[in-house]
Amino acid sequence: MNRFTLLFVFFFLSTCSEQQAKRQTYVLTTGTTSATYYPVGVALATLVSASDDVDFSLTAISSAGSLENVKLLRDNQAQFGMMLSIFGAWAFEGNGPISNPQTHMRSVTALWPNVEHMLLLSDFVTEGSFTDLGRLNGGRVSIGMRNSGAEITGFYILDALNINHEKNLSVAYLGYGPSADALQDGNIIGLNAPGGPPMAALTRAHALLGDDLTILEVTQDELDLINWEYPIWNFYDLAPDTYPGQRENIRTAASSNVLVARDDVPEEIVYNLTKLLWENLAVLKEIHTATNSMSLENALQGIPLPLHKGALRYYQEQDIEIPPHLIDI
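Residues numbered from 1 in each chain as written. Predicted model: local features only at pLDDT ≥ 70, side-chain atom pairs only at ≥ 80, totals over all residues. Heavy atoms only, no water.

Asks: For this particular structure, what's the right way to read the overall build of the protein chain?
Replies: What the protein chain contains, in helices and strands, is 12 helices and 11 strands. Taken against the 2.2 N^0.38 rule, which gives 20 Å for 329 residues, the C-alpha radius of gyration of the protein chain at 20 Å falls within 12% of a compact globule. By its C-alpha atoms, the protein chain is 60 × 45 × 35 Å across when sized along the principal axes. Split into buried and exposed, the 329 residues of the protein chain put 56% on the buried side. Sequence separation of 24 or more characterises 72% of the internal contacts of the protein chain that already satisfy a separation of 6 or more. A total of about 14400 Å² of accessible surface is found on the protein chain, and carbon and sulfur atoms cover 48% of it. Separation of charge centres in the protein chain, based on 18 positive and 37 negative side chains, amounts to 6 Å. (Helix = DSSP H or I, 4+ residues; strand = E, 2+ residues; numbered from the N terminus. Rg over C-alpha atoms; globule rule 2.2 N^0.38 Å. Buried < 20%, exposed > 50% of the residue type's maximum accessible area, 1.4 Å probe, protein only. Contact = heavy atoms within 4.5 Å. Areas by Shrake-Rupley, 256 points an atom, 1.4 Å probe, with all protein chains shown as cover. Lys, Arg positive; Asp, Glu negative; His and termini not counted. Charge placed at Lys NZ, Arg CZ, Asp CG, Glu CD.)

Structure, rendered in structure tokens:
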């Protein structure tokens, strides 16, 4: 958590009254403390707890990410959670790494795009697209920590591209920060790091390695293959200077991060949370630049689950067009 976030949290917590201790508290499960979910989740929870206009509190907790968040929601250890849209789709249908349908889950909103960052040391780049990962002849690449969203979606993308990661790669299971260190030390030649740009670990890696490091692009054919099961990935352009030394636009892919809730959370609670989030978006944008891409107009883009009744009510009041598949019948 950066210095601004800490100051933000301390300031708002200092305004909380004894009356807030009497509020019912709901739990928002986020991600690791070094990733984007956690600081934004803490900021949202602090906004709720400091607001005099709602009668509930929200506590943000760290977790291993999307897959663990599905389990925490299932067991009612958390009532709200952040996750990649693909995990929402898998959870609701009982697909992929989630064997049983989690029909209690409902969408609240899309958050910021989860951008695919697949990087190689430039000496190993052939065409400059994702498919280069299949040409490494056993080169060592970090896929992400074990059981993390990065690992699971990384393998999912490689499988969709018909890249045999057991044959073509030597896989390392490292977090983003350790992956950046391993690149610099020459212990790996590439990494997979999905997240909201700019990502601190990748900024550091680019600052150290410069032109010796390349972010791979995605082609239309590759995007079509990735979307074989759920059409949730779109092109995403990393503008010049997103990362140090980046002089040109880089076209990669992204899917939505989503905020979800259990369907048994009262409608009024979810309505007020949705309203508070969108009416204080400027505050969230001060916490992490990934949220700069969020807008009310795109609140439903790429979400795979039916909307919670409280969120549906808010969007209807805002005259947002609701796709039929998001209406819980």
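Asks: Please explain the nonpolar core as it appears in this structure.
Replies: Nonpolar side chains in soluble globular proteins tend to end up buried together. In terms of nonpolar packing, the biggest core is built from 108 residues, with Phe80, Leu259 and Tyr315 touching the most fellow members. No other element matches the nine residues that helix H2 (residues 37-50) contributes to this core. (Core = buried A, V, L, I, M, F, W, Y, C linked by side-chain atoms within 4.5 Å.)

Asks: What exactly am I supposed to notice about empty space enclosed by the protein here?
Replies: A water-sized probe rolled over the atoms picks out the places where empty space is left. In total, this model carries two cavities of 30 Å³ or more according to the counting rule given. Together, Val40, Leu44, Met82, Leu111, Trp112, Leu259, Leu277, Leu284 and Met294 line the largest cavity. Listing elements by their share of the lining of the largest cavity, those giving two or more residues are H2 and strand E4 (105-115). Here the residues of the lining of the largest cavity are counted per class, giving nine nonpolar, no polar and no charged. Estimated volume of the second largest cavity: approximately 30 Å³. Lining the second largest cavity are Met118, Leu133, Val141, Ile143, Leu158, Leu169, Leu191 and Asn192. Counted by class, the lining of the second largest cavity contains seven nonpolar, one polar and no charged residues. (1 Å grid on protein atoms, 1.4 Å probe; cavity = no way out; pocket = protein on both sides within 12 Å on 5 of 7 lines; lining within 4 Å. Points joined across faces, edges and corners; volume = space filled by probe spheres on them. Nonpolar A, V, L, I, M, F, W, Y, C, P; charged D, E, K, R; others polar.)

Asks: How should the packing of helix H10 (residues 267-279) against helix H12 (residues 309-317) be read in this particular structure?
Replies: Relative to each other, H10 and H12 sit at 50 degrees, their axes nearing to 7 Å. On the basis of the axis angle, H10 is oblique to H12. At the point where H10 passes H12, the crossing takes the right-handed sense. Side by side, H10 and H12 meet where Glu267, Glu268, Val270, Tyr271, Thr274, Lys275 and Trp278 of the first sit next to Lys309, Gly310, Ala311, Arg313, Tyr314, Tyr315 and Glu317 of the second. (Axes fitted to C-alpha atoms, helices over the stretch in contact; angles between N-to-C directions. Parallel < 35°, antiparallel > 145°, perpendicular 65-115°, else oblique. Left-handed = near helix turned anticlockwise from the far one by under 90°.)

Asks: I keep staring at helix H8 (residues 200-209) and nothing clicks. Help me out?
Replies: Quick reminder: α-helices carry 3.6 residues per turn. Residues three or four places apart thus point the same way. Among the residues of H8, those classed as buried are Ala201, Leu202, Ala205, His206 and Leu209. Angular distribution of buried residues about the axis of H8 spans 130 degrees; they occupy a single face of the element. Exposed residues pointing more than 90 degrees away from the buried face of H8 are listed as Ala200 and Ala207. Taken from the residues just after H8, glycine 210 is the one with a positive phi, measuring 55 degrees. (Arc of directions from axis to C-beta.)

Asks: Mind showing me how you'd approach the side chain of serine 66 here?
Replies: Looking at where serine 66 falls in the secondary structure, it is placed in helix H3 (residues 66-74). We classify serine 66 as buried; its relative accessible area is 4%. Each residue touching serine 66, except ones within four places of it in the same chain, is listed here: Tyr37, Met82, Met83, Leu84 and Phe87.

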